[in-house]
Number of protein chains: 2
Amino acid sequence: MNLAETTKILLVMEYDGSCYHGFQWQDGLPSIQGEVEKALTKLTGERRRVMSASRTDAGVHAKGQVVSFRTGSALSTDNFVGGLNYYLPNDIAVRAAYRMNDDFNVRREAISREYSYYILNRPTRSPIREGFSYLVAGKLDIEAMNQACLELVGEHDFASFAGRNGATVKSTVRHVFRAVVEREGDLVIFNISASSFLLHQVRNTIGALIRVGLGKMTLDEFNSILEAREPALAGPTAPACGLCLNRVNYPGPLENFDEDL
Amino acid sequence: MNLAETTKILLVMEYDGSCYHGFQWQDGLPSIQGEVEKALTKLTGERRRVMSASRTDAGVHAKGQVVSFRTGSALSTDNFVGGLNYYLPNDIAVRAAYRMNDDFNVRREAISREYSYYILNRPTRSPIREGFSYLVAGKLDIEAMNQACLELVGEHDFASFAGRNGATVKSTVRHVFRAVVEREGDLVIFNISASSFLLHQVRNTIGALIRVGLGKMTLDEFNSILEAREPALAGPTAPACGLCLNRVNYPGPLENFDEDL
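Residues numbered from 1 in each chain as written. Chains lettered and ligands numbered in written order. Predicted model: local features only at pLDDT ≥ 70, side-chain atom pairs only at ≥ 80, totals over all residues. Heavy atoms only, no water.

Participant: Honestly, the pattern of salt bridges in this entry has me stumped. Any pointers?
Facilitator: Close approach of charged atoms allows side chains of opposite charge to pair. Scanning all chains against the criterion turns up 18 salt bridges over all chains. Between E14 of chain A and R122 of chain B there is a salt bridge; the shortest N-O distance is 2.8 Å. A residue pair is termed interchain when its members come from two chains, as with E14 of chain A in strand β1 (residues 7–15) and R122 of chain B in the loop between β5 (112–120) and β6 (134–135). Like E14 of chain A, the residue R122 of chain B is buried in the burial classification. (Salt bridge = Lys/Arg side-chain N within 4 Å of Asp/Glu carboxyl O. Helix = DSSP H or I, 4+ residues; strand = E, 2+ residues; numbered from the N terminus. Buried < 20%, exposed > 50% of the residue type's maximum accessible area, 1.4 Å probe, protein only.)

Dropping the structure here:
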């Protein structure tokens, strides 16, 4: 098939990442990418590579991951939604599909990624929240956590918040647009939006913020960690199950789905 | 053991009902009651019957079920919470325990039960909400549903909202204190509080309310169903997975847990 005859499809996707070794394809291991590519082949007969706007780690969930692929298929976007949801396993779903110019790059053109980390802040475990939150029994000081959050906002070198492997990138400078902790009953939700994130950055950040919230780390200590720019200094890395990629933003309107889940 | 030496323990419980054939013990089938009684025996060595404030059906969840049992054990309430949570399966948990007078009746002394029914109101399925909501693709008219809700409030004969077997009770009159439908993004939540409920009453009520919300039933038709007092006239019975027993209220303060889950 001639490349000129293909177009690009963008999908907004939701998944329960519990059973997958992350978004990215890995030989012999279940991955979100692998499942989407299998479903695409079943639907269109084509074998295509799927690219994501944000690579989620093993066990991390998504309500608004954005992925793209080339296709020669003339299926309508509605039929891509319905057809892929038919072939995908129950823990992965397509929420919306858009037909884009062939040169649209789902990763490079994204201007920000929004993640939430869910903490269940109560003494006892929750069968209903299990799998989508991390249980912290000690009462968290939300005000102290939000003071630390303010230090994160802006353009900083986040090397200390990257895992040991996460700092092996050209630059560890990232722009955090928003970082806020909110309490809703016994749920404590950390919302963070940034240009992009280093490997394990959100989970190391919330790991440090939880220490602040429990009074085990002062604001000064938190700042010293940020200023040290030393890989893996922050943490501990909070469990993947509490993390969810909520939304990826582009300069123009791409999707019109409500994101209040 | 002498009965005079026993006291009564009340537990506030949360469970994911997906894998159970309801609260009540059934021979050879997994039940919440069966699991709690097994865990109690492991913890105390005693074999005791457990009674619930509200019998939840197969597949129905709970965030605030209240159960009681007699015990000769001198374990502290904290140790009942910790010990039972150790022995219970992951999808059942104790949130709090209270030591009560031996004559306290967990069912008779409850003054109201609060249930929520969760509808995911969007075109595509949700891997994250799956198991705890019912997918309705057509846009629901919340205002129309709330007008119908108003008809439910007060003391009425709810025979039409009972299943065929649910109307074989002495009286089908119940007092509904509150019935409200709210939208939170693409989630539509029906909250209902009543003295007690007939078998399948909440699920038949939301089944009829969904028809109202989709414009398939007028307010007049909804009223005629209520007035007809004919078993199983309302419906269809909405799936169990969307239903959750949030809270059981007693004349005095029993528990101090936040119920915002």
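Participant: For this particular structure, what's the right way to read the domain arrangement of chain A?
Facilitator: When the parts of a complex come together, some accessible area is lost, and that lost area is often used as the size of the interface. Residue and element names in this part refer to chain A. Assigned domains within chain A: domain 1 (3–109) and domain 2 (112–246). Each of domain 1 and domain 2 was reduced to a C-alpha centroid, and the two centroids are 28 Å apart. Here domain 1 meets domain 2 over a buried area of about 1,100 Å², counting both sides, of which 50% is carbon and sulfur. Among the residues domain 1 hides against domain 2, the three largest losses belong to D57, H61 and K63. Together they make up 46% of the total. The interface formed by domain 1 and domain 2 includes 1 salt bridge. The shortest N-O distance in the salt bridge between R203 and D57 comes to 3.2 Å. If you look at where domain 1 meets domain 2, you find 13 residue pairs in polar contact (both at pLDDT 80 or more). Of the residues contributing to the side of domain 1 that touches domain 2, the split by class is 4 nonpolar, 7 polar and 5 charged. (Domains from an automatic or database assignment. Buried area = accessible area lost by both parts, 1.4 Å probe. Polar contact = N/O pair within 3.5 Å; in protein donor to acceptor, adjacent residues only side chain to side chain. Nonpolar A, V, L, I, M, F, W, Y, C, P; charged D, E, K, R; others polar.)

Participant: Quick question: what am I supposed to make of the relation of the copies chain B and chain A here?
Facilitator: Both copies of the chain are related by one operation, a rotation about an axis with a shift along it. Superposing chain B onto chain A takes a rotation of 180° combined with a translation of 0.0 Å along the rotation axis, leaving an RMSD of 0.0 Å. Given the turn and translation reported, the copies of this chain are related as if by a two-fold rotation axis. For chain B, the smallest separation between a C-alpha atom and the rotation axis is recorded for R129 of chain B, amounting to 5.3 Å. Of all interface residues in chain B, 100% are interface residues in chain A too; the two copies therefore contact each other through one and the same surface. (Least-squares fit on C-alpha atoms with pLDDT ≥ 70 in both. Contact = heavy atoms within 4.5 Å.)

Participant: How should I be thinking about unusual backbone geometry in this particular structure?
Facilitator: A negative phi angle is the norm for most residues apart from glycine, just as the trans form is the norm for most peptide bonds. Residues and elements named next belong to chain A. Along the chain, G235 connects to P236 via a cis peptide bond; the corresponding omega equals 0°. Following the sequence through the fold, P236 ends up in the loop between α5 (219–228) and β10 (243–249). Unlike most non-glycine residues, H200 shows phi in positive territory, near 70°. Position of H200 relative to the elements: it lies in the loop between β9 (187–194) and α4 (201–213).

Participant: I would appreciate a short explanation of the interface of chain B and chain A in the present structure.
Facilitator: Each partner contributes residues to the interface: chain B has 33 residues there, and chain A has 33 residues. Taken together, the two surfaces of chain B and chain A that pack against each other cover about 2,500 Å², and 53% of this comes from carbon and sulfur. Our count for the chain B to chain A interface comes out at 4 salt bridges. Scanning the region where chain B abuts chain A turns up 18 residue pairs in polar contact (both at pLDDT 80 or more). If you list the elements that add at least two residues to the side of chain B that touches chain A, you get β1 (7–15), β3 (61–71), α2 (77–87) and β4 (92–100) of chain B. With 4 residues, β4 of chain B is the single largest residue contributor to the side of chain B that touches chain A.

Participant: Can you help me understand the state of the cysteines in this one?
Facilitator: All names here are of chain B. Considering all chains together, one arrives at 0 disulfides over all chains under this definition. The closest cysteine sulfur to the non-disulfide-bonded C19 is located on C241, 13 Å from its own sulfur. Note on C19: relative accessible area 53%, which makes it exposed. In this structure C244 is a free cysteine whose sulfur lies 12 Å from that of C241, the closest cysteine sulfur available. (Disulfide = S-S within 2.5 Å.)

Participant: Is there a simple way to explain the pairing of strand β5 (residues 112–120) of chain A in this structure?
Facilitator: Note on strand geometry: in a regular strand, side chains alternate between the two faces of the sheet. Residue and element names in this part refer to chain A. Counting buried positions over the 9 residues of β5 gives 8, a clear majority of the element. Here β5 runs beside β10; their pairing, made up of 6 bridges, is antiparallel. Paired with E114 across the bridge in β10 is R247. Sheet analysis places β5 next to β9, joined by 8 bridges and oriented antiparallel. Within the sheet, the bridge partner assigned to E114 lies in β9 and is S193. Both β5 and strand β6 (residues 134–135) contribute to a ladder of 2 bridges, which runs parallel. In the sheet register, I119 faces β6, and the bridge partner there is Y134. (Pairing = 2+ DSSP bridges.)

Participant: How do you make sense of helix α3 (residues 142–152) of chain A when you look at a structure like this?
Facilitator: A turn of α-helix holds 3.6 residues, and therefore any two residues three or four places apart point the same way. All names here are of chain A. All of the buried residues in α3 are I142, A144, M145, A148, C149 and L152. Here the buried residues of α3 occupy an arc of 160° about the axis, which is enough to place them on one side. Residues of α3 that are exposed and point more than 90 degrees away from the buried face comprise E143 and L150. Summarising the contacts, the buried residues of α3 are in contact with β7 (154–157), β8 (173–184), β9, α4 and α5. By the N-cap criterion, in which a side-chain oxygen at the helix start approaches the backbone nitrogen of a residue two or three places on, α3 is capped by D141, the distance to E143 being 3.1 Å. Downstream of α3 by a residue or two, G154 has a phi angle that is positive, lying close to 110°. (Arc of directions from axis to C-beta.)

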